[in-house]
Amino acid sequence: RFRRELLATAQLATRHVVGVHDGGVDGEDMAYMVMDLLVGEDLEHVLERRQTLPQDLALRIISQACDGLVVAHGHGIVHRDIKPSNLFLCEPNDRGIRILKLLDFGVARLDSEPFSHGLTELTRTGALIGSPMYMAPEQLRGVKQLDHRADLWSLGVVLYRALAGSLPHAAETIGDLIVQVCSVPAPSLHERDPAIPPALSDLVDRLLAIEPAARIS
């Protein structure tokens with residue numbers, strides 16, 4: 001998995017994925033990866049501090065995440081673990097702009113050679129790979145052939161939380177969460193907060209469609 005993350009991330013030439021410059025195994029069999037030194041904080045820490053974000057800020061963050069994922073998906077890579085702690089907001093540059101970096105491709109689905117070799121040995125059938133609260137229904141059900149639409153669902157959960165201050169589905173156990181995510185549509189953002197425009201609420205609804213074919217693609 002470490003080698004696959006190294007090779008996969010290194011090929012994604014975009015400013016919205018953390019840069020990987022080198023990697024390997026040292027003399028003591030310790031694997032290492034040389035990456036960009038990022039200064040800032042991840043979105044999880046921002047949301048813990050602020051609870052919600054202004055709509056325009058939340059959309060700018062998600063838009064940059066989409067820019068990074070477009071490149072990854074174009075290389076046949078599905079991240080599979082999009083969540084606030086893997087969205088890093090760098091300190092503003094000299095123009096006052098904060099650049100988002102996607103982190104942690106360690107559980108990504110890689111469809112292209114040479115990255116797909118040995119994938120079945122790395123993942124047990126039925127194993128949950130990722131963070132359950134942000135997983136798409138098909139990912140929670142253990143579907144092996146996930147595509148880019150699983151990442152879109154996860155982005156929808158992140159955007160929902162950033163706007164509403166809570167996750168779309170609340171559950172006390174993993175079993176309850178799986179049942180809800182796979183069968184119960186997320187409550188409308190506009191109904192939860194009338195200040196959220198219907199068009200934005202509809203966008204999130206489409207990202208959180210239970211059936212992948214109904215999501216924005």
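The model shown is predicted, which means the values in this text are computed figures rather than measured ones. (Residues numbered from 1 in each chain as written. Predicted model: local features only at pLDDT ≥ 70, side-chain atom pairs only at ≥ 80, totals over all residues. Heavy atoms only, no water.)

Draft legend 1. Focus on the pairing of strand 1 (residues 20–25). Across five bridges, strand 1 lies against strand 2 (residues 31–35) in antiparallel orientation. If you follow Gly-24 over to strand 2, its bridge partner there is Tyr-32. Connecting strand 1 to the next strand, strand 2, in antiparallel fashion are five residues, including Asp-29 with a positive phi near 60 degrees. (Pairing = 2+ DSSP bridges. Helix = DSSP H or I, 4+ residues; strand = E, 2+ residues; numbered from the N terminus.)

Draft legend 2. Looking closely at unusual backbone geometry. The backbone of Gln-51 shows a phi angle near 70 degrees, a positive value even though the residue is not glycine. Among the structural elements, Gln-51 can be located in the loop between helix 2 (43–50) and helix 3 (55–74). We note that Arg-80 has phi near 75 degrees; this positive angle belongs to a residue other than glycine. By secondary structure assignment, the location of Arg-80 is in the loop between strand 4 (77–78) and strand 5 (87–90).

Draft legend 3. Quick look at the nonpolar core. Counting residues in hydrophobic clusters, the biggest one holds 45 residues, and the most contacted among them are Leu-43, Leu-53, Leu-102 and Phe-105. Element by element, the count of residues in this core is highest for helix 6 (residues 148–164), at ten residues. Look past the residues within four positions of Leu-53 in its chain and what remains in contact with it is Leu-43, Val-46, Leu-47, Ala-58, Ile-61, Ala-162 and Leu-163. (Core = buried A, V, L, I, M, F, W, Y, C linked by side-chain atoms within 4.5 Å. Buried < 20%, exposed > 50% of the residue type's maximum accessible area, 1.4 Å probe, protein only. Contact = heavy atoms within 4.5 Å.)

Draft legend 4. Structural view of the confidence of the model for the protein. For the protein, the mean per-residue pLDDT works out to 86, and 90% of the residues sit at or above 70. Looking across the protein, the model is least confident in helix 4 (residues 119–122), with a mean pLDDT of 39, and most confident in helix 6, with 97. The model gives residues 113–126 a pLDDT under 50, and that stretch makes 17 contacts with residues more than four places away or in other chains. (pLDDT = per-residue confidence, 0-100.)

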